[in-house]
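# Chains, contacts and geometry: an overview
Chain by chain, the residues:
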Amino acid sequence: MNAFELFNPTKLVFGPDKVQQLGELVKPYGTRVLLVYGGGSIKRSGLYEDVLSQLEGIGASVHELSGIEPNPRLTTVNQGIEICRAENIEFVLAVGGGSVIDAAKAIAAGALYEGDVWDFTVFKAVIQKALPLGTVLTLAATGSEMNGNAVITNWETKQKRAFGSKLVYPKFSILDPKLTYTVPVNQTVNGIVDIMSHVFEQYFSLTTDIPLQERFAESILLTVIENGEIALANGSDYDARANLLLAGTYALNGTLATGVTSDWATHGIEHEVSAIYDIAHGAGLAILFPNWMKYVYKERVGKFVQYAERVWNIDANGKSEEEVALAGIEATRAYFTRIGAPATLGELGINGDQLDRMAEEATQFGPIGNFKKLSKEDVLSILEASL
Ligand code: NZQ
Ligand code: ZN
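Calculation notes
- Residues numbered from 1 in each chain as written.
- Chains lettered and ligands numbered in written order.
- Predicted model: local features only at pLDDT ≥ 70, side-chain atom pairs only at ≥ 80, totals over all residues.
- Domains from an automatic or database assignment.
- Contact = placed C-beta atoms within 7 Å.
- Helix = DSSP H or I, 4+ residues; strand = E, 2+ residues; numbered from the N terminus.
- Pairing = 2+ DSSP bridges.
- Axes fitted to C-alpha atoms, helices over the stretch in contact; angles between N-to-C directions.
- UniProt positions renumbered as here; feature names shortened; annotations may be inferred.
- Core = buried A, V, L, I, M, F, W, Y, C linked by C-beta atoms within 7 Å.
- Buried ≥ 20, exposed ≤ 12 C-beta atoms within 10 Å, placed from the backbone.
- Near = placed C-beta within 6 Å.
- Nonpolar A, V, L, I, M, F, W, Y, C, P; charged D, E, K, R; others polar.
- Right-handed = clockwise from strand over helix to strand, strands pointing away.
- Parallel < 35°, antiparallel > 145°, perpendicular 65-115°, else oblique.
- Expected span 1.5 Å × (residues − 1).

The next subject is the domain arrangement of the protein chain. The assigned domain composition of the protein chain is domain 1 (11–179) and domain 2 (184–385). Look at where the C-alpha atoms of domain 1 and domain 2 centre, and you get two points 27 Å apart. Contact with domain 1, which involves 19 residues of that partner, is made by 24 residues of domain 2. Elements with a minimum of two residues in the side of domain 1 that touches domain 2: β6 (149–154) and β7 (159–164).

What follows is the structure, given as structure tokens:
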């Protein structure tokens, strides 16, 4: 096991109607609030009114930034930064999915930085301070509600880049499973794939003798696989939605990464696809991950055998290690297909025109991944297999 430090300052407030605590949670940070939300799902669900009445209850002066895009854009983030500066905002409140939360993080950091917020994504500057932020999560997927990461797209240059800082962990995140009842089937599928992919990125590691982390990871996968199908069959199943929501948070709140060298190559490749084609992150991962698995499994077949046996219940009797490993990968693809996720880039109308550019961008700072270090040519092979 690797040496590690773990610090997660986000307070999770989990359960039905917990939005009724919002006012009290915001109060210690000030009353000049920027409310950040997306394209309108919170208005349709009635959550918007509940949030406003909580903020009114503490006498907050509320400014709004709506219309955060899925794959949030730098230009929109910059609008939020301007509001923060013009209105002396003290607290940024994100109400929505990962895109809204990520945009709020970039706004919170950018508001107190004199340069271009994009600098944080290209290692030109390190975040020194940020406004405090909190979230009301409406979609189980990214884990952004309890981590210090954000992913922003520069649509002009067609680049999607991440930054991370301990200064942008949400002060609190409210997770009410009932708020995810209205998530449509396709977004529920994208969320399931994203959560599973976060586990894969940390589970497929060359670090050995980490039984606790492995079983944590396997238990999250099994929980998501089972509850994902229940939530897809009945979007208002409280327990299924609750289990998905908590699994999404634990998949990327630092727990699985403790003591482990994680990978993240597939996320890097997916971000290049999204940057050019603006596809849903989970859809891109569903296409790419089984192809990444097939490309790298020989680096440590035993890990893939363990995955096949423990997660997919593959019977190893009479089979070679390689056959078992491949059966686990096929089971992954079959599950994604069964829940309605795409299997090829072609299904999303993407042809091979930009593959070289994507592979080049993904490896611009050098090889990516750790399970197998991927060069530009390796990335290109995975993209070609995904067409
Ligand atoms: O914009 P609205 O109207 O709110 O609709 C959203 C959006 O269209 C809708 N939605 C969300 N909650 C809903 C709902 N619709 C009905 N009922 C609800 N309760 O769902 C759509 C997608 O929302 P989005 O926030 O884009 O989805 P997600 O949470 O999957 O976030 C994706 C973004 O997060 C990044 C991705 O790259 C992508 O940009 N990621 C962030 C990470 C992080 N910060 O740690 C890690 C991830 O790996 C990922 O890269
Ligand atoms: Zn992800």
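Turning to its location among the elements, methionine 293 is positioned in helix α10 (residues 281–296). In this structure, the C-alpha to C-alpha distance between methionine 293 and phenylalanine 204, residues 89 residues apart in sequence, is 9.1 Å. For methionine 293, the contacting residues outside a window of four places in its chain are Ile329 and Thr332.

On to the sheet that holds strand β5 (residues 133–137), then. Sheet strands pair via backbone hydrogen bonds, and the direction of the pair is either parallel or antiparallel. Taken together, 6 strands build an open sheet; the order of strands is β1-β8-β5-β4-β2-β3 and the sheet is parallel. For this open sheet the edge positions go to β1 (11–14) and β3 (61–65), each flanked by a neighbour on one side alone. Within this sheet the neighbouring strands show an average axis-to-axis angle of 20 degrees, counted without direction. By the bridge criterion, 3 bridges tie β5 to strand β8 (residues 172–175) in an arrangement that is parallel. Looking at the pairing, leucine 137 lines up with leucine 175 of β8. Its contacts with the sheet put helix α5 (residues 98–110) on β2 (32–37), β4 (91–96) and β5, and the angle it makes with β4 is roughly 165 degrees.

Summarizing the sequence annotation, UniProt attributes the feature "domain: Fe-containing alcohol dehydrogenase-like C-terminal" (unreviewed entry) to residues 188–386 in the numbering used throughout. Across residues 188–386, helical content stands at 66% and strand content at 0%; the span's end C-alpha atoms are separated by 22 Å.

Time to look at the nonpolar core. If you look at the biggest cluster of nonpolar residues, it comprises 123 residues, and the most contacted ones within it are Val36, Val92 and Ile107. Broken down by element, the residue count for this core peaks at 9 residues, all from α10. Two domains each put at least three residues into this core: domain 1 (11–179) and domain 2 (184–385). Once you skip the residues sitting within four places of it in the chain, valine 92 turns out to touch Leu34, Val36, Ala104, Ile107, Ala108, Leu131 and Leu133.

To continue, consider the UniProt feature "domain: Alcohol dehydrogenase iron-type/glycerol dehydrogenase GldA" (unreviewed entry) in the protein chain. As recorded in UniProt, the feature "domain: Alcohol dehydrogenase iron-type/glycerol dehydrogenase GldA" (unreviewed entry) lies at residues 9–177. Across residues 9–177, helical content stands at 28% and strand content at 25%; the span's end C-alpha atoms are separated by 22 Å.

Right, let's talk about the site of ligand 1 for a bit. Close contacts around ligand 1 come from 35 residues, with Gly38, Pro70, Gly97, Gly98 and Ser99 the closest. At the level of secondary structure, the elements contributing two or more residues to the shell around ligand 1 comprise α2 (41–45), α5, β6, α6 (185–203) and α10. Taken together, the residues that form the shell around ligand 1 break down as 10 nonpolar, 23 polar and 2 charged. Of the domains in this structure, domain 1 (11–179) and domain 2 (184–385) are the two that each give at least three residues to the shell around ligand 1.

Glancing now at the pairing of β4. Counting buried residues in β4 gives 6 out of 6 residues, a clear majority hidden from the surface. The two faces of β4 match: Phe91, Leu93 and Val95 on one face and Val92, Ala94 and Gly96 on the other face are all buried. Examined bridge by bridge, β2 and β4 share 5 bridges and lie parallel to one another. The residue of β4 that forms the bridge with valine 33 is phenylalanine 91. By the bridge criterion, 5 bridges tie β4 to β5 in an arrangement that is parallel. Looking at the pairing, glycine 96 lines up with leucine 137 of β5. In this region the chain leaves β4, passes through α5 and returns to the parallel neighbour β5; the handedness of that crossover is right-handed.

Position of alanine 362 among the secondary structure elements: in helix α13 (residues 355–362). In this structure, the C-alpha to C-alpha distance between alanine 362 and leucine 380, residues 18 residues apart in sequence, is 9.8 Å. Among residues more than four places away in sequence, those in contact with alanine 362 are Gly268, Ile269, Glu272, Ile368 and Val379.

What follows deals with the packing of α6 against helix α7 (residues 211–233). Put simply, α6 and α7 touch, their axes get as near as 10 Å, and they point 170 degrees apart. Relative to α7, the element α6 lies roughly antiparallel. Together, Val185, Thr188, Ile192, Ile195, Met196, Val199, Gln202 and Tyr203 of α6 and Glu214, Ala217, Ile220, Leu221, Val224, Gly228, Ala231 and Leu232 of α7 make up the contact between the two elements. Split into classes, the residues belonging to the contact of α6 with α7 amount to 12 nonpolar, 3 polar and 1 charged.

Moving on to unusual backbone geometry. At asparagine 88, a position not held by glycine, the phi torsion is positive, near 50 degrees. Note that asparagine 88 resides in the loop between α4 (74–86) and β4. Judged by local crowding, asparagine 88 falls into the exposed class, with 10 C-beta atoms found within 10 Å.

This part is about α7. Taking 1.5 Å of rise per residue, 23 residues should cover 33 Å, and α7 covers 33 Å from first to last C-alpha, within 8% of that figure. Of all the residues in α7, the buried ones are Gln213, Glu214, Ala217, Ile220, Leu221, Val224, Asn227, Gly228 and Ala231. Where α7 is buried, its residues meet α6, α8 (238–251), α11 (301–312) and α12 (321–339).

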